[in-house]
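Architecture and fold: a report
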Amino acid sequence: MDWLNSASFGFVVVFLGTLFLIGELLVRAKGLFAILGVAIMAMYFSYHLSGDVGLWVVLLYIVGLLMIVIDGKVITDGTIALLGVLLMIIGIAVPAPNFIYGAMVSMGFLVGGFSSALFLKVFPSRNLWAKMTLKDRLTGDIGYNSINERYHELVGKQGRTISSFRPTGTIEVDGEQYSATSGGHWLEANMNIIITSVDGTRILIKKVEVEDEKSE
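Overview of the structure. Note that the structure is predicted; figures quoted are calculated from it, not measured. (Residues numbered from 1 in each chain as written. Predicted model: local features only at pLDDT ≥ 70, side-chain atom pairs only at ≥ 80, totals over all residues. Heavy atoms only, no water.)

**Some remarks on the overall build of the chain**
So the rule is basically this: Numbering of helices and strands starts at the N terminus; helices are DSSP runs of H or I of at least 4 residues and strands are runs of E of at least 2. The buried label applies to any residue whose accessible area, calculated with a 1.4 Å probe on protein chains only, is under 20% of its type's maximum; exposed applies above 50%, and partly exposed to all values in between. Contact criterion: two residues are considered in contact whenever any of their non-hydrogen atoms come within 4.5 Å of each other. Under the convention used here, a 1.4 Å probe and the Shrake-Rupley method define accessible areas, while residue burial counts only the protein chains that appear.
Scanning the chain for helices and strands turns up eight helices and five strands. Each helix and strand of the chain, ordered N terminal to C terminal, gives the series α-α-α-α-α-α-α-β-β-β-β-β-α. When each of the 216 residues of the chain is scored for burial, the buried share is 36%. Pairs at least 24 apart in sequence give 55% of the contacts found in the chain among residues at least 6 apart. Accessible surface, the chain: about 12,500 Å² in total, of which carbon and sulfur atoms supply 63%.

**Looking at the packing of aromatic side chains**
Stated precisely, the cut-off is as follows: Stacked, edge-to-face and tilted are the three classes for Phe, Tyr and Trp ring pairs, Trp counted by its six-membered ring, which pair at centre distances within 6.5 Å; planes under 30 degrees apart are stacked, over 60 edge-to-face, the rest tilted.
If you walk through the whole model with that rule in mind, you get nine aromatic pairs. Arranged with centres 6.4 Å apart and planes meeting at 5°, the rings of F11 and F15 form a pair that is stacked. Placement of the pair is F11 and F15 together in helix 1 (residues 7–26), with a separation of four residues, close to one helical turn. Centre to centre, the rings of F33 and F123 are 5.4 Å apart; their planes meet at 80°, and the pair counts as edge-to-face. Taken together, the residues span a long stretch of sequence, with F33 in helix 2 (residues 32–48) and F123 in the loop between helix 5 (99–115) and helix 6 (130–137) at a distance of 90 residues.

**With respect to helix 4 (residues 79–93)**
This is how it is decided: Helix span, as expected, comes to 1.5 Å for every residue beyond the first.
Its 15 residues give helix 4 an end-to-end C-alpha distance of 21 Å, which sits within 8% of 21 Å, the value for a rise of 1.5 Å per residue. All of the buried residues in helix 4 are A81, G84, L87, M88, I89, G91 and I92.

**Here we look at the environment of A180**
Along the chain, A180 falls in strand 3 (residues 176–181). We classify A180 as buried; its relative accessible area is 8%. Taking C-alpha positions, A180 is 8.7 Å from F165, a pair spaced 15 residues apart along the chain.

**Points about the layout of surface pockets**
For clarity, the cut-off: The rule is simple: put a 1 Å grid over the protein atoms alone, call a set of points where a 1.4 Å probe fits but cannot get out a cavity, call an open set with protein on both sides within 12 Å along at least five of seven lines a pocket, and count a residue as lining if it has an atom within 4 Å of a point. Grid points are joined across faces, edges and corners, and a volume is the space filled by probe spheres set on the points. Side-chain classes are defined by residue name, with Ala, Val, Leu, Ile, Met, Phe, Trp, Tyr, Cys and Pro counting as nonpolar, Asp, Glu, Lys and Arg as charged, and the others, Gly among them, as polar.
When its volume is computed, the second largest pocket comes out at roughly 170 Å³. If you go around the second largest pocket, the residues you meet are L21, V38, M41, A42, F45, V58, Y61, I62, L65 and L66. Of all the elements in the fold, those that place two or more residues in the lining of the second largest pocket are helix 2 and helix 3 (56–75). Here the lining of the second largest pocket gets five residues from one element, more than from any other, and that element is helix 3. For the lining of the second largest pocket, the residue count by class is 10 nonpolar, no polar and no charged.

**Observations concerning the pattern of salt bridges**
For the record, the criterion: Salt bridge, as used here: a side-chain nitrogen of Lys or Arg that lies within 4 Å of a carboxyl oxygen of Asp or Glu.
For the structure on display, the rule yields three salt bridges. Across the pair E172 and R160 runs a salt bridge, and its minimum N-O distance is 3.5 Å. Taken as a pair, E172 in strand 2 (residues 168–173) and R160 in strand 1 (residues 158–161) lie far apart in primary sequence, 12 residues in all. The partly exposed category is assigned to E172, whose relative accessible area is 24%.

Okay, here's the thing in structure tokens:
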């Protein structure tokens, strides 16, 4: 395996190893990616480990990988995962014979990690960091959208305009005031309106026609 003396080949090996290992964390590949990733990285470490560099770099690499798994499944804030990435980079860069080789394999790790996201287009996701995604979206089913839920309850209610709409203004419904839009229609103050839809906190209204009032 003298070809591993080349920084370019080192880049390719680390790229492929990282691609499959991180890919195994992201998608359900029935363990195939894990086997390929472990085999490739074992080849890299077995060639570069020497008396000066012991098995501690392999342990560092494994601990970093475990930290990424723990972050994705339990903590889901990305902090531990970033530390794990740093440990893995140190683990592969320290055994490198020179600085250029170390820089190349570090770059191969980063490129492989980002490229593994392409597997999500083909294989089913493991939904790592799913909890963080829910927090970012502030969905109502986990209690972050109570204001929007209250706004959605306004649909169908009638009120009146407090200000003129050009096409936004203020309305009053059940004694409370809200900002709303008339969707491009100009309305005057003190006109009867009905709330037709709510998108987030955007309230869309329309003028209550005479026919509507009579029908009620």
